[in-house]
Amino acid sequence: DATAQRAAERAVARQAAAIQRRVPNARGNDVQGAFVAISPEDGGILALVGGREHVRQGFNRAVAAHRQPGSAFKPFVYAAALERGYTTASMVEDEPVSIEQNGRIWQPANADGRYLGSMTFREALARSSNAAAVRITRAVGEQRVAETARRNGITSKLTPVPSIALGSLEVTPLELVSAYAPFANGGMRVEPHLVEKVETVDGRVLWQRSAEQVRVMDPRDAFLITSMLQSVVDQGTARSIRASGVRGPVAGKTGTT
């Protein structure tokens, strides 16, 4: 989509430059970025930006850069919980948590250092509570969270450790975006792709992409996750989207590492 592609390139260049101005001693294109937009209905890639500037045969961060998704991974935690019978109104404690792992104590903290006590799953995701995400992951099991993310489209290795709740395991931007598609399309996994078909000059089709899709989520759970992600935008950590003037229904999640 040429319009989306141009907008994506401008956004990456503008935002990377804005961040770089705030980074001491940054020079050239030290601050980099990537952008992926796909159609959640079929996985067609609408826009793909691999870096701040296009370099022929250069490193494409959108498809090859493995980075920690941080809190952007949390929707898979909540999806695993809904599958186990929890609801958006289930309660979880937003309080300090300690976990023993390999003889060591791990104490993940909330980003702002504040804890608000009992809250619903919806509010916990909207606030991006680390403590709540870890507690929910412990309740449903790290293995189940990993399996949920894998079914949705994460292809990178996911080790079932407690920190998986906070997006400590590295994925690429493309697979993360693809794994969000089932939330938006009613629970169907999609394969991201750039080519629909190959045909001769006279229109004879030599190859056409298979449109087969696999159900990976109950459509009711997909609807509820999307609804929770709308709360993230309307009342939670992504509300700056609204402050910037974006209107209409938007579902999303922030993630910082």
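Residues numbered from 1 in each chain as written. Predicted model: local features only at pLDDT ≥ 70, side-chain atom pairs only at ≥ 80, totals over all residues. Heavy atoms only, no water.

Trainee: Lay out the overall build of the chain in plain terms, naming residues and giving numbers.
Mentor: The secondary structure content of the chain amounts to nine helices and ten strands. The C-alpha atoms of the chain give a radius of gyration of 19 Å, which matches the 18 Å a tight globule of 257 residues would have. Taking all 257 residues of the chain together, 42% fall into the buried category. Across the chain, every contact between residues at least 6 apart in sequence was considered, and the portion connecting residues at least 24 apart equals 66%. Of the roughly 14100 Å² of accessible surface on the chain, 50% is carried by carbon and sulfur atoms. Looking at the chain, you have 32 positive and 25 negative side-chain charges, and the mean spots of the two groups are 5 Å apart. (Helix = DSSP H or I, 4+ residues; strand = E, 2+ residues; numbered from the N terminus. Rg over C-alpha atoms; globule rule 2.2 N^0.38 Å. Buried < 20%, exposed > 50% of the residue type's maximum accessible area, 1.4 Å probe, protein only. Contact = heavy atoms within 4.5 Å. Areas by Shrake-Rupley, 256 points an atom, 1.4 Å probe, with all protein chains shown as cover. Lys, Arg positive; Asp, Glu negative; His and termini not counted. Charge placed at Lys NZ, Arg CZ, Asp CG, Glu CD.)

Trainee: Tell me about unusual backbone geometry, and name the residues and values.
Mentor: Phi at Asn 102 is positive, roughly 55°, even though this residue is not glycine. According to the relative accessible area criterion, Asn 102 is exposed, its value standing at 79%. One non-glycine residue, Ser 128, lies in positive phi territory at about 55°.

Trainee: Tell me about the nonpolar core, residues and numbers included.
Mentor: Membership of the largest hydrophobic core comes to 45 residues, with the highest contact counts inside it found for Phe 76, Tyr 78, Leu 158, Phe 183 and Ile 225. Every element with two or more residues in this core is listed here: helix H3 (74-83), helix H4 (121-127), helix H5 (130-140), helix H6 (142-152), helix H7 (173-185) and helix H8 (219-234). For this core, the element with the most residues is H3, which contributes seven residues. Residue contacts for Phe 183: discarding those within four places in its chain leaves Pro 75, Phe 76, Ala 79, Asn 152, Met 217, Ala 222, Ile 225, Thr 226 and Leu 229. Listed in part, the seven residues of the second largest apolar core include Ile 45, Ala 62, Leu 174 and Ala 181. (Core = buried A, V, L, I, M, F, W, Y, C linked by side-chain atoms within 4.5 Å.)

Trainee: Talk me through the pairing of strand E2 (residues 45-49); I want residue IDs and the actual numbers.
Mentor: Pairing geometry for strand E1 (residues 35-38) and E2, over four bridges, is antiparallel. Within the sheet, the bridge partner assigned to Phe 35 lies in E2 and is Val 49. In this structure, the hairpin formed by E1 and E2 is closed by a connection of six residues, where Gly 43 is found at a positive phi of approximately 85°. (Pairing = 2+ DSSP bridges.)

Trainee: Any chance you could break down the packing of aromatic side chains for me, citing the residues and the numbers?
Mentor: Considering all chains together, one arrives at six aromatic pairs under this definition. With a centroid separation of 5.9 Å and 90° between ring planes, the pair formed by Phe 76 and Tyr 180 is classed as edge-to-face. Residue Phe 76 is found in helix H3, and its partner Tyr 180 is found in helix H7; the two are separated by 104 residues along the sequence. Residues Phe 76 and Tyr 180 agree in their burial class; the two are buried. Measuring from centroid to centroid gives 5.4 Å for Tyr 86 and Phe 121, while their planes differ by 20°, and the two rings are stacked. In this pair, Tyr 86 is assigned in the loop between H3 and strand E3 (91-94) and Phe 121 in helix H4, connecting sequence segments 35 residues apart. Since its relative accessible area comes to 33%, Tyr 86 is described here as partly exposed. (Phe/Tyr/Trp six-rings, centres within 6.5 Å; stacked < 30°, edge-to-face > 60°.)

Trainee: Outline the environment of Gly 33, supporting the account with residue identities and numerical values.
Mentor: Within the element layout of this structure, Gly 33 appears in the loop between helix H1 (2-21) and E1. When neighbours within four sequence positions are excluded, Gly 33 is seen to be in contact with Val 12, Gly 50, Gly 51, Arg 52 and Arg 61.

Trainee: Give a detailed account of a nonpolar patch on the surface, specifying residues and quantitative values.
Mentor: Nonpolar side chains collect at one region of the surface, where Leu 194, Val 195, Val 198, Leu 206 and Trp 207 lie side by side and expose about 490 Å² of accessible area between them. Taking the relative accessible area as the measure of exposure, Leu 194 reaches 63% and is therefore exposed. (Patch = residues over 30% accessible without salt bridge, like charges linked within 9 Å, V, L, I, M, F, W, Y side chains within 5 Å. Salt bridge = Lys/Arg side-chain N within 4 Å of Asp/Glu carboxyl O.)

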